[in-house]
Amino acid sequence: MTEVTRRATVAGLGATLGAVAFAKAMEPLRHFTEDLSLDQFLQRHYRELSPEDLERVLRRIEEDTLRERGAHVSVADDRPIPGVQFGYALNLSVCNGCRKCAEACHHENNHDRSTNQSYIRVFEMEQGSLDFEHAATHYDHAVPAPGKYYMPVQCLQCDDAPCVAVCPVEATWKEEDGIVVIDYDWCIGCRYCEAACPYHARRFNWSEPEIEAEEINPDQGYLSNRVRPKGVVEKCHFCLHRTRRGRLPACAEACPTGARVFGNLLDPDSPIRWVLDNKRVFVLKEELGTRPRFFYFFD
Amino acid sequence: MIVRNPPSLGTVDTGLRDAMGASVGVSCETCHDPAHPDALARKGEVPQDFHGGISVAHGELGCASCHAPEDRTRLRLADGTTVPMREVLQLCGQCHGPKLRDFSKGSHGGGRGFWDRSRGPWVRDSCVACHAAHAPAYPLVMPAPPPNDRFLPRAGHEELAHD
């Protein structure tokens with residue numbers, strides 16, 4: 001009869017525990033549903049995807065959108081244009097607070113309809129003050145109101161972005177053209193970035209965005225305006241699915257007062273460069289050293 | 001860069017309504033004979049029994065400041081030369097030089113299309129697309145609806161105090 005040694009018992013116990021732990025760890029694999037395919041579970045970080053894998057991911061998102069939302073969309077992967085550094089400027093002297101930019105963003109970027117969310121928050125400010133704590137974002141009266149001015153704030157695409165630094169899984173990063181992007185499929189929803197942003201530019205998807213199929217903007221980008229899943233963070237991406245094809249962002253086109261100037265900072269003949277050279281521009285919370293790409297000016 | 005200038009002066013809104021309720025417009029030559037120019041009102045005094053659709057609130061300007069008396073379909077520059085009605089940038093820029101400069105450099109007035117001119121046009125509006133020529137101050141507007149943040153009151157209700 002074999003002697004049951006203490007060593008064998010411990011080894012057996014360890015093996016059993018190990019097997020149980022392994023089974024537990026693999027348990028999600030038993031629960032794959034329509035919502036989370038094996039492909040999606042095993043998908044790599046955007047920057048580690050091979051061209052073939054990326055292509056497969058884009059097509060999968062299109063199929064998912066069709067199956068889950070009944071909308072035919074095309075999801076592209078627009079890469080930065082060599083020699084282009086994006087910059088944005090906003091003329092506070094002419095902005096009248098009409099929120100057309102926020103509305104355009106809402107539709108362009110497939111935001112949840114019930115919350116009327118947008119990447120742009122328009123602050124109604126006291127003239128002579130830059131105090132955001134006493135600014136209103138929910139005003140609903142004829143604008144511009146006496147004694148007020150209006151400051152739309154969106155992601156400033158900081159060159160030294162605190163949100164990027166705090167991400168524990170590197171799901172957000174700064175691209176070569178200056179746009180800070182998020183891999184929504186890599187984001188774990190910890191919201192550290194939301195807390196780190198001094199401009200409150202990031203939003204969290206508390207629930208599955210609700211949009212009617214016919215209202216979904218079918219012109220989508222992987223890193224930009226595809227419908228984001230529940231539980232991930234999102235933010236303004238300078239409409240990269242438009243701007244990396246040479247077009248203006250939706251907010252710039254929607255502005256009825258012409259307050260928004262967008263362009264390539266490296267092009268000396270661009271309007272954005274003329275503004276930076278000739279207007280007295282400033283950035284929000286300059287003292288934090290975030291070095292925003294988004295400038296404000298009065299003229 | 002493409003600037004969408006007004007094609008020409010269409011008709012002057014008389015402020016009257018036809019039987020169907022549509023506003024009645026007439027062309028300038030209906031009343032003003034180009035061969036026999038008459039004097040134009042000097043200081044924004046619009047004949048109230050006609051030109052009723054026009055209200056003038058443009059500084060000290062009168063009709064003849066911009067409209068050529070001898071040809072109501074053309075604009076008159078300060079030096080007396082006349083230009084087609086579409087040349088509003090040239091006309092307005094005589095007084096609003098800094099604005100014309102900002103417009104030409106791309107920092108005033110909106111536009112649609114492409115920031116990268118090698119890929120497509122940048123379509124821009126002329127002065128009168130946003131500013132009514134006779135009363136150019138930008139009007140008050142109602143804003144698009146505010147966001148419905150989870151922790152804030154709904155649109156149209158009291159602002160949450162931040163104390």
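What counts and how
In this numbering scheme, every chain counts its residues from 1 along its sequence in written order. Naming scheme: in the order in which they are written, chains are lettered from A and ligands are numbered from 1. The model is predicted, so local features are restricted to residues of pLDDT at least 70 and side-chain atom pairs to those at 80 or more, both for listing and for counting; the totals for chains, interfaces and linings are taken over all residues. Numbered from the N terminus, helices here are DSSP runs of H or I no shorter than four residues, and strands are runs of E no shorter than two. Burial in this document is a count-based property: other C-beta atoms within 10 Å of a residue's C-beta are tallied, and the residue is buried at 20 or more, exposed at 12 or fewer, or partly exposed in between, with C-beta positions derived from the backbone. A residue pair is marked as a contact if its C-beta atoms, positioned from the backbone, fall within 7 Å. Throughout this entry, Asp, Glu, Lys and Arg are counted as charged residues, while Ala, Val, Leu, Ile, Met, Phe, Trp, Tyr, Cys and Pro are counted as nonpolar. The remaining residues, Gly among them, count as polar. Two strands qualify as a pair provided that DSSP identifies no fewer than 2 bridges between them. The axes are straight lines fitted to the C-alpha atoms, using for helices just the contacting stretch, and the angles between their N-to-C directions are given from 0 to 180°. For our purposes the nonpolar core covers buried Ala, Val, Leu, Ile, Met, Phe, Trp, Tyr and Cys residues that link as a set through C-beta atoms within 7 Å. Expected span of a helix: the number of residues minus one, times 1.5 Å. pLDDT expresses, on a scale from 0 to 100, how confident the predictor is about each individual residue.

Moving on: the overall build of chain B. On a plain count of helices and strands, chain B comes out with 4 helices and 8 strands. Counting helices and strands in the order they occur from the N terminus, chain B gives β-β-β-α-β-β-β-α-α-β-β-α. Burial status across chain B gives 17% buried among its 163 residues. Residue pairs in contact within chain B that sit at least 24 positions apart in sequence constitute 43% of those at least 6 positions apart.

Within chain A, the secondary structure is distributed over 9 helices and 12 strands. C-alpha atoms of chain A, sized along the principal axes, occupy 95 × 40 × 40 Å. Burial analysis of chain A (299 residues in total) assigns 40% to the buried set. Residue pairs at least 24 apart in sequence account for 64% of intrachain contacts in chain A once pairs closer than 6 positions are excluded.

Let us look at the interface of chain A and chain B. Residue-level contacts link 39 residues of chain A with 29 residues of chain B. Mapped by element, the contributors of at least two residues to the side of chain A that touches chain B are helix H4 (100-108), strand S10 (260-264) and helix H9 (271-278) of chain A. When residues in the side of chain A that touches chain B are grouped by element, the largest group, 4 residues, is from S10(A). Looking at the side of chain A that touches chain B, its residues break down into 14 nonpolar, 17 polar and 8 charged.

This next bit is on the sheet that holds strand S12 (residues 294-297) of chain A. All names here are of chain A. Taken together, the 4 strands give an open sheet; going across it, the order is S10-S2-S12-S11, and neighbouring strands pair in mixed fashion. The sheet is open, and its two edges are formed by S10 and strand S11 (281-282), each paired on a single side. As defined by bridge partners, strand S2 (residues 86-91) adjoins S10 across 5 bridges and the pair is classed as antiparallel. Across the sheet, Gly87 pairs through a bridge with Gly263, a residue of S10. Here H9 sits on the sheet and contacts S2, S10, S11 and S12; the angle it forms with S10, its principal contact strand, is near 110 degrees.

This brings us to unusual backbone geometry. All names here are of chain A. Here the bond from Val143 into Pro144 is cis, since omega is -5 degrees, no more than 30 degrees from zero. Here Pro144 lies in the loop between strand S3 (121-126) and strand S4 (148-153). For Glu170, which is not glycine, the phi torsion reads 55 degrees and is therefore positive. Along the polypeptide, Glu170 turns up in the loop between helix H5 (162-166) and strand S5 (172-174).

A separate point is the sheet that holds strand S6 (residues 82-84) of chain B. Residues and elements named next belong to chain B. Spatial ordering of the open sheet is given by S4-S5-S6, a layout of 3 strands whose pairing is antiparallel. Strands at the two margins of the open sheet, each flanked by one partner only, are strand S4 (67-68) and S6. Strand direction decides the pairing type here: S4 and strand S5 (residues 71-76), joined by 2 bridges, are antiparallel. Counterpart to His67 in the pairing with S5 is Leu75.

Most often, soluble globular proteins keep nonpolar side chains buried together rather than apart. Counting 64 residues, the largest nonpolar core has Ala89(A), Cys101(A), Cys105(A), Ile120(A), Ala201(A), Cys251(A) and Phe262(A) as its most contacted members. Dropping the residues within four chain positions of it, Phe262(A) is found in contact with Tyr88(A), Leu248(A), Pro249(A), Ala252(A), Ile272(A) and Trp115(B). In this structure, Cys66(B), Leu75(B), Met85(B) and Val88(B) belong to the second largest nonpolar core, which totals 8 residues.

The next point concerns helix H1 (residues 6-25) of chain A. A rise of 1.5 Å per residue sets the reference length of H1(A), with its 20 residues, at 28 Å; its end C-alpha atoms lie 28 Å apart and thus fit the reference within 8%. Taken across its 20 residues, H1(A) has 0 buried, putting it largely on the surface.

Attention now moves to the environment of Thr14(B). Residues and elements named next belong to chain B. Position of Thr14 among the secondary structure elements: in strand S2 (residues 12-17). With 17 C-beta atoms counted inside 10 Å, the residue Thr14 sits in the partly exposed group. Distance from Thr14 to Ile54, taken between C-alpha atoms, is 8.0 Å for residues 40 residues apart in sequence.

It is worth spelling out the confidence of the model for chain B at this point. All names here are of chain B. Scored by pLDDT, chain B has a mean of 80; 76% of the residues are at 70 or more. Confidence, read as mean pLDDT per element, is least for S2 in chain B (73) and greatest for helix H3 (residues 97-105) (95). Of the regions scoring below 50 in pLDDT, residues 159-163 engages in 6 contacts with residues more than four places distant in sequence or in other chains. Our summary of model confidence lists the complex with pTM equal to 0.83 and ipTM equal to 0.84.

Once that is clear, we can look at the pairing of S5(B). Residues and elements named next belong to chain B. In sequence, S4 turns back onto S5 through a hairpin of 2 residues. The sheet contact formed by S5 and S6 spans 3 bridges and is antiparallel. Bridged to Leu75 within S6 is Val83. Count of turn residues in the S5/S6 antiparallel hairpin: 5 residues, of which Gly80 carries a positive phi of about 95 degrees.

Bringing the pairing of strand S3 (residues 23-26) of chain B into the picture now. Within a regular beta strand, the side chains point alternately toward one face of the sheet and then the other, so they alternate between its two faces. Residues and elements named next belong to chain B. Direction of pairing for S2 relative to S3: antiparallel, over a ladder of 3 bridges. Across the sheet, Asp13 pairs through a bridge with Gly25, a residue of S3. Adjacent in sequence and paired antiparallel, S2 and S3 are bridged by 5 residues, among which Gly21 carries a positive phi angle near 90 degrees.

Let us now look at the environment of Asp78(A). Along the chain, Asp78(A) falls in the loop between strand S1 (74-76) and S2. By the C-beta count within 10 Å, which is 15 here, Asp78(A) ends up partly exposed.

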